[in-house]
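Results of the structural survey
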Amino acid sequence: MAVGSGCAPTPAAITVHQAYTRCPRPTAPELPPLDPEQRLETPANINLLLERDDRRCAYAEQQDAALDCYEGQAKPGGQ
């Protein structure tokens, strides 16, 4: 008998469902538009760029927290 000849029955598919608690999903921040009438390096636009950066960093932190929430649930014993 040849090994792997394809004569063995195909095992049934197994679906695993794991209960989890939905973690908070952060809302994408609204970014203030730059002033197109001003050069990029003007103080007004620099302040807007810094504000946009702060909002993006806060959003990234919120996304990390959501991932940590799900990863905590995936560990043995849950959160």
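Preceding this section is the structure that the text describes.
Each value, and the rule that gives it
Residues numbered from 1 in each chain as written. Predicted model: local features only at pLDDT ≥ 70, side-chain atom pairs only at ≥ 80, totals over all residues. Heavy atoms only, no water. Helix = DSSP H or I, 4+ residues; strand = E, 2+ residues; numbered from the N terminus. Buried < 20%, exposed > 50% of the residue type's maximum accessible area, 1.4 Å probe, protein only. Areas by Shrake-Rupley, 256 points an atom, 1.4 Å probe, with all protein chains shown as cover. Salt bridge = Lys/Arg side-chain N within 4 Å of Asp/Glu carboxyl O. Disulfide = S-S within 2.5 Å. Patch = residues over 30% accessible without salt bridge, like charges linked within 9 Å, V, L, I, M, F, W, Y side chains within 5 Å. Lys, Arg positive; Asp, Glu negative; His and termini not counted. Charge placed at Lys NZ, Arg CZ, Asp CG, Glu CD.

1. Let's talk about the overall build of the chain
Helix and strand counts for the chain come out as one helix and zero strands. Across the 79 residues that make up the chain, the buried fraction comes to 13%. In the structure as shown, the chain presents an accessible area of about 7000 Å², 57% of it carried by carbon and sulfur atoms.

2. Quick notes on the pattern of salt bridges
Taken as a whole, this structure holds two salt bridges when the rule is applied. In this structure, R39 and E41 form a salt bridge, with 2.5 Å as the shortest nitrogen-oxygen distance. Residue R39 is classed as exposed on the basis of its relative accessible area of 60%. Between E51 and R55 there is a salt bridge; the shortest N-O distance is 2.8 Å. Pair noted here: E51 and R55 are both in helix α1 (residues 43–74), with a separation of four residues, about one helical turn. You can call R55 partly exposed: its relative accessible area is 32%.

3. Some thoughts on the state of the cysteines
In the structure shown here, the tally under the stated rule is one disulfide. Disulfide pairing is shown between C23 and C69; the S-S distance is 1.9 Å. Of note, the bridge from C23 to C69 carries an S-S torsion of about -75° and is left-handed in sense. Separated by 46 residues along the polypeptide, C23 in the segment before α1 and C69 in helix α1 bring together distant segments of the chain. Pair check on accessibility: C23 and C69 agree, each one buried.

4. Here's the deal with a negative patch on the surface
Residues E61, D64, D68 and E71 make up a contiguous surface patch of negative charge. For D68, the position within the fold is in helix α1.

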